Each structure stands twice: as C-alpha cells, then as structure tokens.
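# Examining the three-dimensional arrangement
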Amino acid sequence: MPSREDIVTFHDPPPPEGASPWVAGAGPAKDIRIVEPDPSWPEWYDVLAGRIRDAIGWRALVVQHVGSTSVPDLPAKPVIDIDLVVADPDDEAAYVPALEAAGFVLRVREPWWFGHRAMRAEEPHCNLHIFGFDSPEVVKHRLFRDWLRGNAEDRRLYGRTKREAAAAANASGEDMMQYNARKEQVVHEIYERAFTAMGLLPLPHA
C-alpha cells in the first residue's frame, strides 16, 4: 500500500533521457472541449467497466470511475476517466491484448511513474489509466473525486478553472498537457484542503 507521504506528494518525474511516454503514433490532444454535466456519464462508466471486467476478469483488481465525469454537477470533457489496478502494469501481456480486443488502444507507457499505462476507447469515449496496487495515484484520484462530490465551493472553483484553462489553451493552440498545467495550481490547492480535512496533512498553524 502507498504511504501517507506518497499520497500527499505530487510525483511528476520526467521521462528518462531518450524516452517518451507516448507510444508510436500517439500524442496529446488539442481542441479541449468542456461541456455541461451529463447525467448519463455514470451509465457510460458502467458500460466501460463491464467491458474491462469481461476482458480481463479477476486481473482487474480495482476498477473505479474518477476524474470530472465522476462528480455530479461538474463541467467536464465528455471523456470517462477510469483507474484500473492490476498486479503488475509492466506485464502488459497479462492485460493489454485482452483490452485491445475489447476496443481499447494503448497510447501511453510510463514505467517510471508507478508503472502507468494509458489506453483509450471510443463509444463511449474513455481514458483508461492503469497502475499497480501500490500506486498512490489511485488513492489520490479517489480522494479528489470524493472531496469534490462533497464540497460545492471547491467544485464550483474547479469548474471555473477548467473552463478558463480550456479557453486559454485553445486560444493559444496548446494541447492537453498545457491545459493541465494551467489548472495545476488550483488542483494542488484543492488537494491540500482535502488532505488537511482528511487528516493526511497537519492543520495549518493559527
């Protein structure tokens, strides 16, 4: 299991020299579109989660809906984010071919970042993030989701931030990575409030 220190630390290691996180032919998307909340997003998730479990069975240790589409009343890109936990993400033969047969396409390979892989599917649109069971990112994503579900003020703040970041990124011809960078400060501030309320960080001194 990840340690408390790992959960509250923002890990962003650069790729090793000469390495790229993108598989051949893949790259960050442009034209970021933020839409109003859609009550059908949980149903999209159910369809995708069923497809994942049917494909790899008991090798799917955890399948969870994360990201903005998992939070009611939050504007989002119309793409379902899912975290999938497997025993060993570096053992791609154990899950990638089966998921490819189910319509997912491998796009990102980051063994230096908790073994992260990312796959994409269409109809419904999905970003599938694959980690090992000891990755703190899976815990972070769940805590962020739950905090936004229960805190309207931060949910509204994040919604505004997403719209502003998307508008600025699109106006400048930027891609998804730069859009994420524009949100990063607010995301970290929200995480800090969540971690503090949950007892993972000490209360600030009066």
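Here the structure is a predicted model, which is why all the values come from computation and not from measurement.

### Notes on the overall build of the protein
A count of helical and extended segments in the protein gives six helices and five strands. Taken against the 2.2 N^0.38 rule, which gives 17 Å for 206 residues, the C-alpha radius of gyration of the protein at 17 Å falls within 12% of a compact globule. Principal axes of the C-alpha set define a box for the protein whose edges measure 50 × 40 × 40 Å. Residue pairs at least 24 apart in sequence account for 67% of intrachain contacts in the protein once pairs closer than 6 positions are excluded.

### What about the nonpolar core?
General note: in soluble globular proteins, nonpolar side chains tend to be found buried as a group. Among the nonpolar cores identified, the biggest contains 26 residues, and Ile52, Ile56, Ile82, Leu84, Leu99, Phe104 and Leu128 are the most heavily contacted of them. Going through the elements one at a time, helix 2 (41-56), strand 2 (80-86), helix 3 (96-101), strand 4 (116-121) and strand 5 (126-132) are the ones with two or more residues in this core. Counting residues per element, this core draws most heavily on helix 2, at seven residues. Residues in contact with Leu84, not counting those within four places in the same chain, are Ile52, Ile56, Ala60, Val62, Val63, Leu99, Leu128, His129, Ile130 and Phe131. Grouped together as the second largest cluster of nonpolar side chains are 17 residues, Val139, Trp147, Leu148 and Ala194 included.

### A closer look at helix 2
Taking 1.5 Å per residue as the helical rise, helix 2 with its 16 residues ought to reach 22 Å, and the 23 Å between its terminal C-alpha atoms agrees with that figure. Listed as buried for helix 2 are Trp41, Tyr45, Leu48, Ala49, Ile52, Ala55 and Ile56. The arc enclosing the buried residues of helix 2, seen along the axis, measures out at 125 degrees, which places them on a common side. Seen from the open side of helix 2, the exposed residues pointing more than 90 degrees away from its buried face are Glu43, Asp46 and Asp54. Looking at the packing, one finds that the buried side of helix 2 touches strand 1 (62-66), strand 2, helix 3 and strand 5. Looking one or two places after helix 2, you find Gly57, whose phi comes out positive at around 60 degrees.

### Examining the pairing of strand 1
Counting buried positions along strand 1 gives four out of five residues, so the element sits mostly inside the fold. Judged from the five bridges that link them, strand 1 and strand 2 form a sheet pairing that is antiparallel. Bridge assignment links Gln64 to a residue of strand 2, and that residue is Asp83.

### As for the packing of helix 4 (residues 136-150) against helix 6 (residues 176-197)
Packing of helix 4 against helix 6 leaves a shortest axis separation of 10 Å and a crossing angle of 85 degrees. In terms of their interaxial angle, helix 4 and helix 6 are classed as roughly perpendicular. From helix 4, Lys140, His141, Leu143, Phe144, Trp147 and Leu148 reach across to helix 6, where they touch Val187, Ile190, Tyr191, Arg193, Ala194, Phe195 and Ala197. Residue composition of the contact of helix 4 with helix 6, by class: 10 nonpolar, one polar and two charged.

### Things to note about the packing of aromatic side chains
Applying the stated rule across the entire model yields five aromatic pairs. Each ring, one from Phe144 and one from Tyr191, has its centre 4.6 Å from the other, and the planes form 35 degrees; the classification is tilted. Of this pair, Phe144 sits in helix 4 while Tyr191 sits in helix 6, placing them 47 residues apart in sequence. One exposure class covers both Phe144 and Tyr191, and it is buried. An aromatic cluster of three or more residues is present, and its members are Phe10, Phe144, Tyr158, Tyr191 and Phe195.

### As for the packing of helix 5 (residues 152-171) against helix 6
Each pair of packed helices can be described by the angle between their axes along with the distance between the axes. Two elements in contact, helix 5 and helix 6, have axes separated by 8 Å at closest approach and are oriented at 165 degrees. Of the possible angle classes, the one that applies to helix 5 and helix 6 is roughly antiparallel. Handedness of the helix 5/helix 6 crossing: right-handed. Counting all contacts with helix 5, which are made through Asp154, Leu157, Tyr158, Thr161, Lys162, Ala165, Ala166, Ala168 and Ala169, the residues of helix 6 involved are Tyr179, Arg182, Lys183, Val186, Val187, Ile190 and Arg193.

Basis of the calculations
Residues numbered from 1 in each chain as written. Predicted model: local features only at pLDDT ≥ 70, side-chain atom pairs only at ≥ 80, totals over all residues. Heavy atoms only, no water. Helix = DSSP H or I, 4+ residues; strand = E, 2+ residues; numbered from the N terminus. Rg over C-alpha atoms; globule rule 2.2 N^0.38 Å. Contact = heavy atoms within 4.5 Å. Core = buried A, V, L, I, M, F, W, Y, C linked by side-chain atoms within 4.5 Å. Buried < 20%, exposed > 50% of the residue type's maximum accessible area, 1.4 Å probe, protein only. Expected span 1.5 Å × (residues − 1). Arc of directions from axis to C-beta. Pairing = 2+ DSSP bridges. Axes fitted to C-alpha atoms, helices over the stretch in contact; angles between N-to-C directions. Parallel < 35°, antiparallel > 145°, perpendicular 65-115°, else oblique. Nonpolar A, V, L, I, M, F, W, Y, C, P; charged D, E, K, R; others polar. Phe/Tyr/Trp six-rings, centres within 6.5 Å; stacked < 30°, edge-to-face > 60°. Left-handed = near helix turned anticlockwise from the far one by under 90°.

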